[in-house]
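So you can see what is in the structure, the chains are spelled out below.
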Amino acid sequence: MASSSSSKPADGHPPQTSAARENFDRLYRDHVDLMYRFANRLCGETEAAKDLVQETFLNAYRGFKDFRGDAQVSTWLYTIASRACLRMRRKRKGAPERELSLDEFIPTHDGEFRLQIPMEGLTPEEALHNKELRQALEAAINKLPKKYKMVLVLRDMEGLSAKEVGSIMGLNERAVKSRLHRARLFVRRELSARGLAHERDGHHRVSRGTRAGA
Amino acid sequence: MAKRTNSKQHRADTEHRHGKGRCLRILRELSAYLDGDLSAEVCREIRRHLGACPNCEDFLASLRQTVSLCRHAPAPVLSARERMRMREAILLRARAR
């Protein structure tokens, strides 16, 4: 059983009050799945995602007394996770950090305008049954420089508003939208270029009959 | 004597004679357009352009698909065992501070 804050534990470790423990358990129970999903999308692999989840909840546990409740708990956790991710990723090998310029996504000929993502009338859920497309999407997102990736993940994958993303990342809405547009253009180009390469190689496009991962 | 262009050729020419400049302006706004962040007037202007420019229409379709794929991308789920193991590890680290 957890000791009270005034008692001195025999093992010399700082005491964990039962209230703190209860708060933590509730926080963990209600949000661990959300944070694991977010961490996977940010890190692109499960072991790093587990590290990030642990780091996030450890920081949340330590900082819970400072949480003023003027934001949603989930927004607070997203903020902690994003900061922890920035710290952790400095130690890891990731996509090189660089600015994405709009100019690099401007098509220079008609073919580039008309690049298509190989979905052929399928719903996104159906299309994503295809392992190749799923992996191509993950690879494209993982190639994004992290500040663009974070905005795309929070906005388009986690479904937060531009305002919420701004408050998590310390950006104004205009900057969020600008990064988001570049990130989407980047992923679009990666996905559609792959579709084009497939056609060139004589492979079939993804269709109901070729759902390899289904 | 100048040759008169047929109507199909004429359409193809005008599609691109409206100039890449207009297309580029539209491309810059497409995420805002998809997210409903633009005024009704700008939206009307973009729709007018899209109706006359297959290039931009295709570009928009693929950008829309990109966003919808991101929205529906699956994510791995944590097992109950792993969830419990991680909780223990966090509490252990919190105590060891």
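Details of the structure are given in the entry above.
Note that the structure is predicted; figures quoted are calculated from it, not measured.

Novice: How do you make sense of the overall build of chain A when you look at a structure like this?
Specialist: The secondary structure content of chain A amounts to 9 helices and 0 strands. Element order for chain A, N to C, with α for helix and β for strand: α-α-α-α-α-α-α-α-α. With 214 residues in all, chain A has 36% of them scored as buried. Put simply, 67% of the contacts in chain A that link residues at least 6 apart link residues at least 24 apart.

Novice: In this structure, what is going on with the nonpolar core? I would like to understand it.
Specialist: Nonpolar side chains in soluble globular proteins tend to end up buried together. Residues and elements named next belong to chain A. Membership of the largest hydrophobic core comes to 64 residues, with the highest contact counts inside it found for A39, L52, A81, V151 and L152. It is helix α1 (residues 18-43) that provides the largest number of residues to this core, a total of 8 residues. Setting aside residues up to four positions removed in sequence, A39 forms contacts with A49, L52, V53 and A81.

Novice: Mind showing me how you'd approach the packing of α1 of chain A against helix α7 (residues 146-157) of chain A here?
Specialist: Two numbers describe a pair of packed helices, the interaxial angle and the distance between the axes. All names here are of chain A. Across the interface, α1 lies against α7 with an axial gap of 10 Å and an inter-helix angle of 140°. Looking at the two axes, α1 sits oblique to α7. Crossing hand, α1 versus α7: right-handed. For the pair α1 and α7, contact is made by F38, R41 and L42 and by K149, M150, V153 and M157, respectively.

Novice: I tried to follow the interface of chain B and chain A on my own but got confused; where do I start?
Specialist: Quoted interface sizes are often the accessible area lost when the parts come together. Contacts between the two partners involve 33 residues from chain B, matched on the other side by 43 residues from chain A. Counting residues per element, the ones that place at least two in the side of chain B that touches chain A are α2 (19-34), α4 (54-72) and α5 (80-95) of chain B. A total of 13 residues in the side of chain B that touches chain A trace back to one element, the largest contributor, which is α4 of chain B.

Novice: I tried to follow α7 of chain A on my own but got confused; where do I start?
Specialist: Note: α-helices contain 3.6 residues per turn, so residues at a spacing of three or four share the same orientation. Residue and element names in this part refer to chain A. With 10 of its 12 residues buried, α7 lies for the most part within the structure. Turning to α7, its buried residues are Y148, K149, M150, V151, L152, V153, L154, R155, D156 and M157. Downstream of α7 by a residue or two, G159 has a phi angle that is positive, lying close to 75°.

Novice: Is there a simple way to think about α1 of chain A in this case?
Specialist: All names here are of chain A. Roughly 55° is the biggest bend found in α1, and it falls at H31. Burial in α1 covers these residues: F24, H31, V32, M35, Y36, R37, F38, A39, N40, R41, L42 and C43. Once α1 ends, the next one or two residues include G44, with phi positive near 75°.

Novice: Teacher, can you tell me more about the packing of α7 of chain A against helix α8 (residues 162-169) of chain A here?
Specialist: Residue and element names in this part refer to chain A. Remark: α7 packs on α8, axes separated minimally by 9 Å, with the N-to-C direction vectors making an angle of 140°. One element, α7, and the other, α8, form an angle in the oblique class. In terms of crossing hand, the pair formed by α7 and α8 is right-handed. Contacts between α7 and α8 involve M150, V151, L154 and R155 from the first element and A162, V165, I168 and M169 from the second. In terms of residue class, the contact of α7 with α8 is built from 7 nonpolar, no polar and 1 charged.

Novice: When you look at the environment of E138 of chain A in this model, what are you seeing that I'm missing?
Specialist: All names here are of chain A. Structurally, E138 can be placed in helix α6 (residues 131-143). Judged by the 16 C-beta atoms lying within 10 Å of it, E138 falls in the partly exposed class. Spatially, the C-alpha atom of E138 lies 7.3 Å from that of G44, the residues being 94 residues apart in sequence.

Calculation rules
- Residues numbered from 1 in each chain as written.
- Chains lettered and ligands numbered in written order.
- Predicted model: local features only at pLDDT ≥ 70, side-chain atom pairs only at ≥ 80, totals over all residues.
- Helix = DSSP H or I, 4+ residues; strand = E, 2+ residues; numbered from the N terminus.
- Buried ≥ 20, exposed ≤ 12 C-beta atoms within 10 Å, placed from the backbone.
- Contact = placed C-beta atoms within 7 Å.
- Core = buried A, V, L, I, M, F, W, Y, C linked by C-beta atoms within 7 Å.
- Axes fitted to C-alpha atoms, helices over the stretch in contact; angles between N-to-C directions.
- Parallel < 35°, antiparallel > 145°, perpendicular 65-115°, else oblique.
- Left-handed = near helix turned anticlockwise from the far one by under 90°.
- Bend = angle between axes of the 7 residues up to and from the residue.
- Nonpolar A, V, L, I, M, F, W, Y, C, P; charged D, E, K, R; others polar.

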